[in-house]
Amino acid sequence: MAQVGLVVVSHSRALAEAAVALAREMAGPEVPIEVAAGLDDGALGTDAVAISAAVTAADGAADGGAGVVVLMDLGSAVLSAETALELLDDEVRERVLLCPAALVEGLVGAAVTAAGGATREQVAAEALAGLAAKQAHLSGPDPLTAPAPAGGGQVTGSFTVGEPHGLHARPAARLVQLAGSLGASLELRNATTGTDWAPATSLSRVATLGAEHGHEVQVRASGPGAAEALRALLTAAGRGWGVETGDAPPQAARPLSQPPVAAGRPVPASPGIGIGPAWSLRPSVLRLPTTPSGDARSEQARLDEAREVCRAEIGRTRSATAAAIGTGEAAVFDAHLLLLDDDDLLTDAAARIQDGAPAAAAWAAAVDRVQAALAALPDPYLKERAADVRAVGDQVLARLLGRDGPTPDLAAASGVVLAPDLTPAQAASMDPDRIVGVVLAGGSPTAHSAILARARGIPAVVGAGPAVLTVDDGTIVALDGETGELVLDPGPDVLATFRARAVELAAAGRRAQERAGSPARTRDGVAVLVGANIGSVADARLAAECGADLAGLVRTEFLFLGRAAAPDVEEQETVYRELAHALGGRRLTLRTLDVGGDKPLPYLPVPGEANPFLGLRGLRLSLAHPGLLADQLLAIVRVAAETPVSLMFPMVSTVAELVQARALLDGAVTRAGRGRPAGLQLGIMVEVPAAALKTAAFAPLVDFLSIGTNDLTQYALAADRGNGSLGGLGDPYDPGVLRLVAAVCAGAGRALVAVCGELAADERAAVLLVGLGVRELSVTPRAVPGVKQAVRGLDLGRSAVTAGRALDADGPDEVRRLLDDRF
């Protein structure tokens, strides 16, 4: 894919580098961006020679002669750039465009557009449009945008919400992003509940539709290209908006089962024992000004500046969270970034400023209105998103009032944090070396604060009630994040019990960490591989650090999502090599593209399906697009010539599908021209009950079988794993699911059997899985040491007996009682 290079010309190198960092956060690291900023002695200024060199470098990095777009800050930067053009060869000069766009906004727009393979003219046009939002709020319509021609008409349509949680943050964000990219005016209303029409470009207004699973949402489009825009939106709705789920979500981030609790009783949110002095996090009082400090234009400028500062802060927090915890946990900050540009919020605040309100008061009122609308919705998931609006709103408000943050800084926190709730940014900043526990008066186990606490390994309980906010700082607090037990100012005996549990858990954790790099063998010498489920190069590095024996599952979807076209063979090959390098030569299990109606791609058409989980997805979809699969297989075969690679096909139902896929693999080997790599192994994901029951038919054609217990469970029990109303029905401990695992092990012959679903990371489940015949467990990287240690405590014979009893149990509760008796 041809990709335009970019050059940033600025008087200040610090400014240029910060703008590039922001652009890369939005567009990814692939876009070639060069900086020509400042003078050699560190002074402010621009240098035509340096600009010329930067343009040459960017042109060389650009693909296929795509050319270069140059963005400049002001004044002499433009003159220096024009002079630099005169220093270039004629051939290079013809491929360069000087763009008069605003530097920061223009660079972000240009980088995102360039990442999608646009031409340099399209990239420059997008950069020029970067100021449209500010111009609309400060001085009316964007002067760079021609008025819509007469006509275009109005067209209408509708779609049924298929997402289990409705149009929550992620699909709503994708909808808003798509609507913003289309030329027509798009509006939505919830026909099921009868809401008013809302602009499709406003994340907050889309959320207030309260569109739940099964609701009908009407769409109307007007203006130029209305019919095409409507068709594009309805097609995306039918494909589930491209939201990724994945078979094995990170263990640290999975929603915990929520047992029935009495009102006010704490709910377990993050496992572990926490004992320490109370440290209360109470919001600061923010006093809003009643009169503006300047005219409406200056007040609007103050708001825009505060938003940009917060955008950089959120971007840094997202990057730090992704690096330290994982990309999945960092995704919440994408919605926060979208809220900074929410049309509804910005229009409301701008109108209040024009009416004479100070920027801070105008913004606070707009945030209050949107938050109240979300909080009033009946859906609990959407209620929780009101907290996201408040978090972003308070962050901007604090900047407007000259403060670094709206609440006390958690950098000073220690002991057990007591708080009404935590924003995602606060939760992501928690230091587990100082914070030993979290008690929230509100919240839920599915809230972002709980997810991030689990990812940090900090014990937490939520829903403890407002009484915890009255506890004096320094009071000893003891909590068990696995049971929900919370004791304030415990007596000596109770404290001793908690401490004994903590000592036991800590000792077990240390033993596991000390031996993380050693192989896992049962007491009677049976080797069990413990691998890591990964979805990025950063995950691969973490897996190696945590002692993983291999990458038991690489979700290659991360290469294909969030882009306008599929990655080519060379890009895939490069990334797979980076993964292999990060793993230090350990085996790499690459699952081919696993998408479908539940997590579609814009360039891979999937018809609208009533139940995408039972439709065209996994290997079925790849076989329907053999060219795409053939390219991925070619990249995998090339890498397999240099490092051990296991290739795994997802959601295989029939032997015929596997035979067809193997033929494409043979074609890839022929195209690579080096013969079949000696270290290349072939396997399938066992996620469909029918495949589990006919394992013996698959076994002669594969080297291994990997059981995806998440999907296998939902298919076996007819229980959508995303449907909270089904409670604990979708339980992998159900004897029916365990019997399917047993069937795979019994029919595998010489093929190795692995489990890469969530069940593999449950240390108590190791006795069942190993006892049934599983010889590889693939888990989140941080779970590797504990799972290895659990394997080392097993005796194969006794494990087989326990597993056999579990198969005859009447339900998952009895299976757990068997395990309790054993332990």
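Peer 1: Help me understand the sheet that holds strand S5 (residues 154–160) in this model?
Peer 2: Strand pairing in a sheet relies on backbone hydrogen bonds. The paired strands run either parallel or antiparallel. Read across the open sheet, the 4 strands follow the order S5-S8-S6-S7; overall the sheet is antiparallel. The open sheet terminates on both sides in strands that have one partner only, identified here as S5 and strand S7 (198–199). Strand direction decides the pairing type here: S5 and strand S8 (residues 216–222), joined by 7 bridges, are antiparallel. Counted as the bridge partner of Thr156 is Arg220 from S8. With respect to the sheet, helix H10 (residues 226–238) is in contact with S5, strand S6 (185–190) and S8, its orientation differing from that of S5 by roughly 5°.

Peer 1: Just checking my understanding: could you explain the sheet that holds strand S3 (residues 68–72) for this structure?
Peer 2: Strand order in the open sheet formed by 4 strands is S2-S1-S3-S4, and the pairing between neighbours is parallel. Each edge of the open sheet is held by one strand with a lone partner, namely strand S2 (33–37) and strand S4 (96–99). Pairwise comparison of adjacent strand axes, ignoring direction, gives a mean angle of 20° for this sheet. Where strand S1 (residues 5–10) lies against S3, 5 bridges are found, and the strand directions are parallel. Bridged to Leu6 within S3 is Val69. Relative to the sheet, helix H5 (residues 103–115) contacts S1, S2 and S3, its axis offset from that of S1 by approximately 170°.

Peer 1: Would you mind showing me how to read the environment of Thr483 here?
Peer 2: Within the element layout of this structure, Thr483 appears in the loop between strand S14 (476–480) and strand S15 (485–488). For the pair formed by Thr483 and Ser270, sequence separation is 213 residues and the distance between their alpha carbons is 9.5 Å.

Peer 1: Just to check I follow, could you spell out the nonpolar core for this structure?
Peer 2: One recurring pattern in soluble globular proteins: nonpolar side chains tend to sit buried together. Residues Leu579, Leu588, Phe649, Leu705, Leu768 and Leu777 are the most contacted members of the largest nonpolar core, which totals 96 residues. Here the element with the most residues in this core is helix H23 (residues 626–640); it accounts for 8 residues. In contact with Leu579, not counting residues within four places along its chain, are Ile534, Ser536, Val537, Ala540, Val554, Phe558, Leu588 and Leu590. Leu281, Ala366, Val389 and Ala453 belong to the second largest nonpolar core, which has 49 residues in total.

Peer 1: Please clarify how the pairing of strand S24 (residues 776–779) should be interpreted in this entry.
Peer 2: Taken residue by residue, a regular strand's side chains alternate between the two faces of the sheet. Along S24, one buried face is formed by Glu776 and Ser778 and the opposite face, lined by Leu777 and Val779, is buried too. Taken together, the 4 bridges between strand S17 (residues 527–534) and S24 define a ladder with parallel strand orientation. If you follow Val530 over to S24, its bridge partner there is Leu777. In this sheet, S24 lies alongside strand S23 (residues 752–755) in parallel orientation, the contact comprising 2 bridges.

Peer 1: What's the story with the pattern of salt bridges in this structure? I'm lost.
Peer 2: Should their charged atoms come close, side chains of opposite charge can pair. Scanning all chains against the criterion turns up 31 salt bridges. For the salt bridge of Asp731 with Arg816, the shortest nitrogen-to-oxygen distance reads 2.7 Å. Of the two residues, Asp731 sits in the loop between helix H27 (709–717) and helix H28 (735–747) while Arg816 sits in helix H32 (residues 812–822), which places them 85 residues apart along the sequence. Taken together, the salt bridges that share partners define one network made up of Asp304, Arg307, Glu308, Arg311 and Asp341.

Peer 1: Got a minute to help me understand helix H20 (residues 537–545) in this structure?
Peer 2: Residues that lie three or four places apart on an α-helix share one face, since the helix turns once every 3.6 residues. Within H20 the residues assigned to the buried category are Val537, Asp539, Ala540, Leu542 and Ala543. Tucked inside the fold, the buried residues of H20 contact S17 and helix H21 (569–582). The first or second residue beyond H20 is Gly547, which carries a positive phi of 90°.

Peer 1: Explain H21 here, please?
Peer 2: Here H21 contains 14 residues, and its C-alpha end-to-end distance of 20 Å stays within 8% of the 20 Å for a straight helix at 1.5 Å per residue. Of all the residues in H21, the buried ones are Val569, Gln572, Glu573, Val575, Tyr576, Leu579, Ala580 and Ala582. In this structure, the buried side of H21 is in contact with S17, H20, strand S18 (550–555), strand S19 (587–591) and H23. The distance from a side-chain oxygen at the start of H21 to the backbone nitrogen of Glu570 is 3.3 Å, and the residue carrying that oxygen is Asp568.

Peer 1: Just checking my understanding: could you explain the side chain of Asn533 for this structure?
Peer 2: Counting through the fold element by element, Asn533 comes out in strand S17. For Asn533, a relative accessible area of 6% puts it in the buried group. Only 3.3 Å separates the side chain of Asn533 from the backbone oxygen of Cys756, close enough to count as a polar contact. In terms of polar contacts, Asn533 uses its side chain to reach the side chain of Ser778, at 2.6 Å.

Peer 1: Any chance you could explain the packing of H21 against H23 here in plain terms?
Peer 2: When two helices pack together, their arrangement is given by the angle between their axes and by how far apart the axes lie. Viewed as axis vectors pointing N to C, H21 and H23 meet at an angle of 40°, and their least axial separation amounts to 9 Å. Judged by the angle between their axes, H21 and H23 are oblique. Considering the relative orientation of H21 and H23, their crossing is right-handed. Taking contact as the criterion, the partners of Val569, Glu570, Gln572, Glu573, Tyr576 and Arg577 in H21 are, on H23, Asp631, Gln632, Leu634, Ala635, Ile636, Arg638 and Val639. Within the contact of H21 with H23, the residues separate by chemical class into 6 nonpolar, 2 polar and 5 charged.

Peer 1: Help me understand the side chain of Asp348, please; the structure alone is not making it clear to me.
Peer 2: With respect to the helices and strands, Asp348 occurs in helix H14 (residues 343–354). Ignoring anything within four residues of it in the chain, the contact list for Asp348 reads Ala366 and Arg369.

Peer 1: Where do I start with the environment of Leu337 in this structure?
Peer 2: Within the element layout of this structure, Leu337 appears in helix H13 (residues 332–340). Spatially, the C-alpha atoms of Leu337 and Met26 are 9.7 Å apart, while their sequence positions differ by 311 residues. Once residues lying within four places of it in the same chain are set aside, the contact partners of Leu337 are Met26, Arg311, Ile314 and Gly315.

Parameters and conventions
- Residues numbered from 1 in each chain as written.
- Predicted model: local features only at pLDDT ≥ 70, side-chain atom pairs only at ≥ 80, totals over all residues.
- Heavy atoms only, no water.
- Pairing = 2+ DSSP bridges.
- Helix = DSSP H or I, 4+ residues; strand = E, 2+ residues; numbered from the N terminus.
- Contact = heavy atoms within 4.5 Å.
- Axes fitted to C-alpha atoms, helices over the stretch in contact; angles between N-to-C directions.
- Core = buried A, V, L, I, M, F, W, Y, C linked by side-chain atoms within 4.5 Å.
- Buried < 20%, exposed > 50% of the residue type's maximum accessible area, 1.4 Å probe, protein only.
- Salt bridge = Lys/Arg side-chain N within 4 Å of Asp/Glu carboxyl O.
- Expected span 1.5 Å × (residues − 1).
- Polar contact = N/O pair within 3.5 Å; in protein donor to acceptor, adjacent residues only side chain to side chain.
- Parallel < 35°, antiparallel > 145°, perpendicular 65-115°, else oblique.
- Left-handed = near helix turned anticlockwise from the far one by under 90°.
- Nonpolar A, V, L, I, M, F, W, Y, C, P; charged D, E, K, R; others polar.

These values are about where atoms sit, not about what they do.
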